[in-house]
Amino acid sequence: MNIRRLVKPNIRGLKAYRAEEIPCRVKLDANESPYGFSVLRSVRINRYPDPEAKTLRGLVAREFRVKPENILHGNGSDELIYNLIATFGGPTAYPVPTFSMYGILSQALNETGIEIPLDEKFDLDTERFLGVIKKRKPKLIFLSSPNNPTGNRFSSDRIWKIIKASKGMVVVDEAYQPFSGRNEFLPLLGKYGNLIVLRTLSKIGLAGLRVGFMMAGADIINEVNKVRLPFNLNSLSQHVAVAALRNRERMRSYIRSVVSERKRLFKEMKKTEGIEPYPSQANFILFRIRGNAGSVSANRNAADRIYEGLLHKGILVRNMKGIFDGCLRVTIGTPRENTAFLKALRQLL
Ligand SMILES: *Cc1c(COP(=O)(O)O)cnc(C)c1O
């Protein structure tokens, strides 16, 4: 696949900014302050961060079994989504409902976002995707799997069908992959020239750091790297992310506890009259509130009432009004938090 032909003309002619690193004894080249103070013992924040995040990318490469040249680091994966749209342009296409940034950033960058409704099982409507691919030739397709806010994974064969049919890039956003456990796209990066995988540290305990990664063929990485700001990932975030990745056991045990709590919460919610929880492979559960009358507007009002009632008891969930009317989304918390949520929910119903 000829990647360069897909890239926006203004990006095609660009060269990536290279912050050269020349070893030296006296460093007077970058308008930094010479008066250093270090934090966390070793982070010298009077100096600019490593523009290429080499240590971090090296660790991620080992963890994900890909090469460092197949990884690009972002200030969260949000930034990588922005950079992808800046590089390839539109139209972009994505199922709805899904993660709102695909639409917001398409619009912010003045590109058309094509919304393709999910089917009744919250899976991809392959026919409609193939139709859009044929007629409108989207430069970028965004597939969040597991999907936010529905929580399900899309069927693999549908995703592969879309990857094979698309003449543009297909971005599989695996923000919630750690909670679903399945890893089927990264191992096949080399085989599909238009496949891009997104991962983030945000959902596994490090949201405040803002660290995300994009994995793709080196030709794609090189193009997107041209629009990346040179020092997009600050020294502290790089340092802490490296420390966290070296301490994988702690992160893994956190992920295990979220998954086991998700199973418990789902079972309990399933037993609860008046709501319908949807199966989730992520760290949240989407659930529908059934209004007494059963009509759409009654359901919407009932969902608002439960949302307000929970908040009144100090429990904040996400009201999906406007995105998924009549539904609320609850993030998996500690066992104690989840029990408090359940208790409050049952009182309100
Ligand atoms: C939360 C989320 C992100 C954003 O992740 P950051 O790395 O924090 O920017 C990306 N994609 C999906 C589907 C998400 O739900």
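Engineer: Help me understand the sheet that holds strand β5 (residues 113-117), please; the structure alone is not making it clear to me.
Structural biologist: Each strand in a sheet pairs with its neighbour through backbone hydrogen bonds, running either in the same direction (parallel) or in the opposite one (antiparallel). Reading across the sheet, the 7 strands line up as β3-β9-β8-β7-β6-β4-β5 and stay open at both edges, with mixed pairing between neighbours. The sheet terminates laterally at β3 (71-74) and β5, the two strands that pair on one side only. Within the sheet, the average angular offset between the axes of one strand and its neighbour, ignoring direction, is 25 degrees. Bridge count between β3 and strand β9 (residues 212-215): 4 bridges; the pairing is antiparallel. Considered in β9, the bridge of His73 is made with Phe213. On the sheet, helix α3 (residues 54-64) packs against β3, β8 (195-200) and β9 and is oriented at approximately 125 degrees with respect to β3. Strands in contact with helix α6 (residues 126-136) are β4 (92-96), β5 and β6 (140-144); relative to β5, the strand with the most contacts, it is inclined by about 155 degrees.

Engineer: Sorry if this is basic, but what is going on with helix α13 (residues 335-348) here?
Structural biologist: For an α-helix the count is 3.6 residues per turn, leaving residues at separations of three or four pointing the same way. Compared with an ideal rise of 1.5 Å per residue, which puts 14 residues at 20 Å, α13 spans 20 Å between its outermost C-alpha atoms and is within 8% of the ideal. Among the residues of α13, Asn338, Phe341, Leu342, Ala344, Leu345 and Leu348 are the ones counted as buried.

Engineer: Please clarify how the domain arrangement of the protein should be interpreted in this entry.
Structural biologist: Interface extent is often summarised as the accessible area lost during association of the parts. Once the domains are mapped, the protein shows domain 1 (3-30 + 249-348) and domain 2 (54-246). For domain 1 versus domain 2, the distance between C-alpha centres works out to 17 Å. Counting from both sides, the interface comprises 32 residues of domain 1 and, opposite them, 40 residues of domain 2. Counting each side, the surface lost to burial between domain 1 and domain 2 is near 2,900 Å², with a carbon and sulfur contribution of 67%. Across the contact surface, domain 1 and domain 2 share 4 salt bridges.

Engineer: So what exactly am I meant to see when it comes to the environment of Ile255 here?
Structural biologist: Within the element layout of this structure, Ile255 appears in helix α11 (residues 248-271). On the basis of relative accessibility, which here comes to 11%, the residue Ile255 falls in the buried class. In the structure, Ile255 is positioned 51 residues away from Ile204 in sequence and 6.8 Å away in space, judged by C-alpha atoms. Apart from the residues lying within four places of it in its own chain, the contact partners of Ile255 are Pro178, Phe179 and Ile204.

Engineer: Where do I start with the site of the ligand in this structure?
Structural biologist: Taken together, 14 residues form the shell around the ligand, and within it Ser77, Asp173, Thr200, Ser202 and Lys203 come nearest. One of the side-chain nitrogen or oxygen atoms of Thr200 is found 2.5 Å away from an oxygen atom of the ligand. Between an oxygen atom of the ligand and a side-chain N or O atom of Ser202, the distance comes to 2.6 Å. When the free accessible area of the ligand is taken as 390 Å², the share hidden by the protein chains comes to 93%. Across the shell around the ligand, the residue classes tally to 4 nonpolar, 6 polar and 4 charged.

Engineer: What should I look at first to understand the layout of surface pockets in this one?
Structural biologist: By volume, the largest pocket amounts to about 850 Å³. Along the wall of the largest pocket there are 26 residues; nearest its centre are Glu21, Arg47, Tyr48, Pro49 and Asp50. Secondary-structure elements contributing two or more residues to the lining of the largest pocket are β2 (43-44), α3 and α10 (235-246). With 5 residues, the single largest contributor to the lining of the largest pocket is α10. Taken together, the residues that form the lining of the largest pocket break down as 12 nonpolar, 5 polar and 9 charged. Taken domain by domain, the lining of the largest pocket gets at least three of its residues from each of domain 1 (3-30 + 249-348) and domain 2 (54-246). By volume, the second largest pocket is sized at about 470 Å³. Forming the walls of the second largest pocket are 19 residues, and the residues nearest its centre are Glu63, Phe64, Gln177, Arg199 and Arg248. Broken down by secondary-structure element, the contributors of at least two residues to the lining of the second largest pocket are α3, α8 (177-180), β8 and α11. Residue composition of the lining of the second largest pocket, grouped by class: 10 nonpolar, 4 polar and 5 charged.

Engineer: Sorry if this is basic, but what is going on with the packing of α6 against helix α7 (residues 156-165) here?
Structural biologist: The geometry of a pair of packed helices is captured by two quantities: the angle between their axes and the separation between those axes. With their axes 10 Å apart at the nearest point, α6 and α7 run at an angle of 10 degrees to one another. Put simply, α6 runs roughly parallel to α7. Residues Thr126, Phe129, Leu130 and Ile133 of α6 touch α7, and the partners they reach there are Arg158, Lys161, Ile162 and Ala165. Classifying every residue of the contact of α6 with α7 gives 5 nonpolar, 1 polar and 2 charged.

What counts and how
- Residues numbered from 1 in each chain as written.
- Predicted model: local features only at pLDDT ≥ 70, side-chain atom pairs only at ≥ 80, totals over all residues.
- Heavy atoms only, no water.
- Pairing = 2+ DSSP bridges.
- Helix = DSSP H or I, 4+ residues; strand = E, 2+ residues; numbered from the N terminus.
- Axes fitted to C-alpha atoms, helices over the stretch in contact; angles between N-to-C directions.
- Contact = heavy atoms within 4.5 Å.
- Expected span 1.5 Å × (residues − 1).
- Buried < 20%, exposed > 50% of the residue type's maximum accessible area, 1.4 Å probe, protein only.
- Domains from an automatic or database assignment.
- Buried area = accessible area lost by both parts, 1.4 Å probe.
- Salt bridge = Lys/Arg side-chain N within 4 Å of Asp/Glu carboxyl O.
- Near = heavy atom within 4 Å.
- Polar contact = N/O pair within 3.5 Å; in protein donor to acceptor, adjacent residues only side chain to side chain.
- Areas by Shrake-Rupley, 256 points an atom, 1.4 Å probe, with all protein chains shown as cover.
- Nonpolar A, V, L, I, M, F, W, Y, C, P; charged D, E, K, R; others polar.
- 1 Å grid on protein atoms, 1.4 Å probe; cavity = no way out; pocket = protein on both sides within 12 Å on 5 of 7 lines; lining within 4 Å.
- Points joined across faces, edges and corners; volume = space filled by probe spheres on them.
- Parallel < 35°, antiparallel > 145°, perpendicular 65-115°, else oblique.

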